[in-house]
Amino acid sequence: MKIGVEVNSFFGRYGSQIGKMEVEIDPNTNVEKLLENLNIPKDKVGFVIVNQKRVDFDYVLSENDSVYITPYATGG
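Residues numbered from 1 in each chain as written. Predicted model: local features only at pLDDT ≥ 70, side-chain atom pairs only at ≥ 80, totals over all residues. Heavy atoms only, no water.

Caption draft 1: The side chain of Thr-70, seen in detail. Here Thr-70 is to be found in strand β5 (residues 66-71). For Thr-70, the contacting residues outside a window of four places in its chain are Asn-8, Phe-11, Val-45, Gly-46 and Phe-47. (Helix = DSSP H or I, 4+ residues; strand = E, 2+ residues; numbered from the N terminus. Contact = heavy atoms within 4.5 Å.)

Here it is in C-alpha cells:
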C-alpha cells in the first residue's frame, strides 16, 4: 500500500531520503517500522504527524496516509 511521507532535511545526515515522497509499505506497518525503512533514528525524532494528528511509534499506518516526520527542535 502507498502512503505520502515528508521527511525533514535534518534526517539527510543519516542517509534518509528527504523531502516529499510516496512510499510503498506492507500492511500493518507501524511508524517505528517506517522509520527503520527510511534510515531515520528513532531517538532523533521529535514527533510524527499522520493526517494532521500527532501519533506514537506504534501507530499502524493505512493506505493513503500522509506522514510528516520532524526532529527535536534545536537551537543555537
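And the narrative resumes.
Caption draft 2: View of the packing of aromatic side chains. Overall, the coordinates contain two aromatic pairs when judged by the stated rule. With a centroid separation of 5.3 Å and an interplanar angle of 85°, the aromatic rings of Phe-10 and Phe-11 are classed as edge-to-face. Take Phe-11: its relative accessible area is 0%, and that puts it in the buried class. Here the aromatic cluster, defined as three or more aromatic residues joined through ring pairs, consists of Phe-10, Phe-11 and Tyr-14. (Phe/Tyr/Trp six-rings, centres within 6.5 Å; stacked < 30°, edge-to-face > 60°. Buried < 20%, exposed > 50% of the residue type's maximum accessible area, 1.4 Å probe, protein only.)

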